[in-house]
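Listed below, chain by chain, are the residues.
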Amino acid sequence: DFSGIVDHSYLEYIESKFSGIPVAVLTNGTSRLKIDLAKLAIENRFFKIFNSAEIGVCKPEIKIYKHVVEHLGCKPSEILFVDDSLSHVNAAIEFGMAAHHYRSLEEFQNQKFLEVGS
């Protein structure tokens, strides 16, 4: 069973750059997500994991972003949403989140939003 691939350099960068800031995952996952994250040894590296299979709605539907905001108890503008799917990023922006279309770690590191709170 294929459990996925972890970009460890990206994960380590996020953990160091955003140290002390809760990092959550929003994924269009399956009922196997917890098992897959355990196989990848990353199940405890996030503040919260939001799985579409448990929520009952998938990205890019606005309802899933609303679900995340309600459960985190914050405003959409207080979230930086990063995704490799442009349609998911556009939906997050439409909902009011700051968002980044991820294509490479280098491009992500050069974004202006990373200067906030530095």
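Residues numbered from 1 in each chain as written. Predicted model: local features only at pLDDT ≥ 70, side-chain atom pairs only at ≥ 80, totals over all residues. Heavy atoms only, no water.

(A) How the structure looks around helix H1 (residues 8–17). Looking only at H1, the buried set comprises Tyr-10, Leu-11, Tyr-13 and Ile-14. Considered in projection along H1, the buried side chains sweep an arc of 160 degrees and stay on one side of the axis. The secondary structure elements touched by the buried residues of H1 are strand E3 (80–83) and helix H6 (105–109). (Buried < 20%, exposed > 50% of the residue type's maximum accessible area, 1.4 Å probe, protein only. Helix = DSSP H or I, 4+ residues; strand = E, 2+ residues; numbered from the N terminus. Arc of directions from axis to C-beta. Contact = heavy atoms within 4.5 Å.)

(B) Structural detail: the pairing of strand E4 (residues 98–101). Bridge count between E3 and E4: four bridges; the pairing is parallel. Bridged to Phe-81 within E4 is Ala-99. (Pairing = 2+ DSSP bridges.)

(C) Examining the pattern of salt bridges more closely. Tallied over the entire structure, the rule returns four salt bridges. For the salt bridge of Glu-15 with Arg-45, the shortest nitrogen-to-oxygen distance reads 2.7 Å. One end of the pair, Glu-15, is in helix H1; the other, Arg-45, is in the loop between helix H2 (33–39) and strand E2 (48–51), with 30 residues separating them in the sequence. Here Arg-45 falls in the partly exposed class, since its relative accessible area comes to 30%. With its nearest N and O atoms 2.8 Å apart, the salt bridge here joins Asp-83 to Lys-59. Separated by 24 residues along the polypeptide, Asp-83 in strand E3 and Lys-59 in the loop between helix H3 (52–55) and helix H4 (62–72) bring together distant segments of the chain. No difference in accessibility class separates Asp-83 from Lys-59, as the two residues are buried. (Salt bridge = Lys/Arg side-chain N within 4 Å of Asp/Glu carboxyl O.)

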